[in-house]
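Here is what each chain is made of, one letter per residue.
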Amino acid sequence: MNNRYNSLPSRRSRRELSNNPQGLPGTYAGVLSTPFIAPALKTADTLVKGYVRQIDGISFKAVLSATSIADDVIQVGGASNCAFDDGNSVTLSESILTLTDLKVNEELCRATMLNSWQEQLGPRNTADWSSPEYRNFVMGQVAAKTAAGVENAIWKGSNGVFANGFLSSDGVFDDDGLAASSLANATTQAIAAMTAANVLQQIGLVYNKAATDKSAILSKPDLKFFVSNKTAALYRQAIATAGGGIAFDTAGLASGAATTTTGQGYNNMVTNQAFGALNFLGIEIAECPGMFDDAIVLAQTENLIVGSNLSTDYTEASYIQTYLYDGSDNVRVTMRFGLGTVAGIAADAIVGKTF
Amino acid sequence: MFRKRKLAEEEYVEETTTETTETEESTPDSMEQFINLLVDMGLSAEQAEAVHTMAMELVDVSGGETITEEVKEETKVEASRQERGSRRSPRREFSRRGTTGRPSRQMRNEEPAHGRRAMSEQRSERTSPTQRLEVQLRRQRREMAEMRKQLIELGAQPATRGLNNAPQRREVSGSVPTPSAEGSIQDRVNAMLKNVR
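Residues numbered from 1 in each chain as written. Chains lettered and ligands numbered in written order. Predicted model: local features only at pLDDT ≥ 70, side-chain atom pairs only at ≥ 80, totals over all residues. Heavy atoms only, no water.

Participant: Sorry, what's going on with the environment of R110 of chain A here?
Facilitator: Here R110 of chain A shows up in helix α4 (residues 110-121). Those residues in contact with R110 of chain A that sit more than four places away from it in its chain are W129, Y134, Y323, D329 and V331 of chain A. (Helix = DSSP H or I, 4+ residues; strand = E, 2+ residues; numbered from the N terminus. Contact = heavy atoms within 4.5 Å.)

Participant: Quick question: what am I supposed to make of the packing of aromatic side chains here?
Facilitator: Residue and element names in this part refer to chain A. Taken as a whole, this structure holds twelve aromatic pairs over all chains when the rule is applied. Linked through ring pairs, Y207, F225, Y235 and F280 together constitute an aromatic cluster. Between R110 and the ring centre of Y323, over which it is positioned, the NZ or CZ distance is 3.6 Å. Stacked on the ring of F292, the Lys or Arg K156 has its end atom at 5.7 Å from the ring centre. (Phe/Tyr/Trp six-rings, centres within 6.5 Å; stacked < 30°, edge-to-face > 60°. Lys NZ or Arg CZ within 6 Å of the ring centre and 35° of its normal.)

Participant: Help me out: how do you make sense of the nonpolar core in this one?
Facilitator: Soluble globular proteins: nonpolar side chains tend toward being buried together. Residue and element names in this part refer to chain A. By size, the foremost hydrophobic cluster in this structure holds 64 residues, and its most contacted members are V138, W155, L167, L183, F226, V297 and M335. Looking at this core, the element that brings in the most residues is helix α5 (residues 132-156), giving twelve residues. A210, A232, Y235 and A240 belong to the second largest nonpolar core, which has 24 residues in total. (Core = buried A, V, L, I, M, F, W, Y, C linked by side-chain atoms within 4.5 Å. Buried < 20%, exposed > 50% of the residue type's maximum accessible area, 1.4 Å probe, protein only.)

Participant: What is the right way to look at the confidence of the model for chain B in this model?
Facilitator: Atomic detail in the predicted coordinates should be set aside for any region of low pLDDT. All names here are of chain B. Taken over all residues, the pLDDT of chain B has a mean of 64, while the share at 70 or more is 42%. Helix α8 (residues 167-173) is the least confidently modelled element of chain B, averaging 42 in pLDDT, while helix α9 (residues 185-193) averages 90, the highest of any element. Long-range and interchain partners of residues 64-71, a stretch whose pLDDT sits below 50, account for three contacts in this model, where long-range means more than four residues apart. Counting interchain partners and residues more than four positions distant, the pLDDT-below-50 stretch residues 106-111 has eight contacts. The ipTM, which scores confidence in the relative placement of chains, is 0.79 for this predicted complex, and the corresponding pTM is 0.63. (pLDDT = per-residue confidence, 0-100.)

Quick look at the structure:
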């Protein structure tokens, strides 16, 4: 007799609605937030390509010490030369990396994201609104935007948000911005606004400054030119048409004016080539999308430091399904993290600037 | 019949008294003997008294526990008796028991009828999905233990390190994941979030 009812759902399962909205666990704190915060903090070009030194796990501040020893530690030996040098030949300098607390509080409409989501899934795949895949998709969109913001912030700073950029505190490359930035005490070199015609010369000016004032850094293996995408593009154009001569036209002959003609370029292939890693006299050119256009920085990777509080208890990421509670069609994404920059020895970096 | 009931009551009283005397016996009462023994062993009278006091305290503590257990047992026995009594009418009870107070063999056949109901209730409880799964799980654990023993006998030692039930979590608690430098920022982000559950 009981067999008759076997196919019916049990009393308990009858009470459970099949279309009950299922919420995902949405808040991740400390190391559990790392999978969501790390993409936001680590995928910026400057960071992911290892152009700068990165220190994670900072709670608030990090003290970076640098020792410098004067060259005159070697003394004349022999009779009557038994004394010690004073301790001034060894100096210890410190730079402090302070994190700025930053947050992301974004509300996104599910309907707006639906097309992209379905496109990414493909026609034969189905995934629920409340699946981890959809959460990752939404978090990924926000994380990518955050990463682009991090790239800009570490070079340019951001007015009222992040006053700790390498070249500016407020997103503007001027005297005030540079004076309040991490490279405020860097060695500077005046350059002109760059074009394809003069970019080699401007980079050359910065190189020359290093040769004359900071020649010690030129032998460091991690020395790099840091330039923007635009400057790198101008440089490619320049080296693709380099090797030309000086052309004199009739007017030129008469007036003595000369124009530069385009040459065969690097490898004699003019523009018909792909440039891999860019170099200038053996020094790598790092293309950083967050850099200002008319700025050149010559520094060591070890000297430019970006710190974060990743892997500490202070990071947090949330994915809040607000549509479950307020009848809207929204989800909210929040991220809490800390970011900071500092130059180890700012004077060992050379900044080419147009002001 | 009245006599029989009285007999049963007497039995009941007897049982209780035995248990009480047992409790009394378990407490030591010869303080002087104990102290003398300790003095003979070389302790001073004061030391011996102190030891005796400590010992008494210890005995009190342990004795209290024993008594509680006994009381519990007693209550349990009483409860079961009451239960039994409430299920059967006194007449039926006395007809079941002979002069010895034990149920006769013939009457004992009645018990399965009552037990069967309990068994069927138990079985229906056991057939709930959770319990069935628990039984399966226990059986599988036993099998795994046996297989492990066999493997160890053969020279292999499986599961010397505990299995990780949440590998993602373990990875997270380690170092910060390194993103690939290939592709756009969005590609890198997607690659990092791909397997996050």
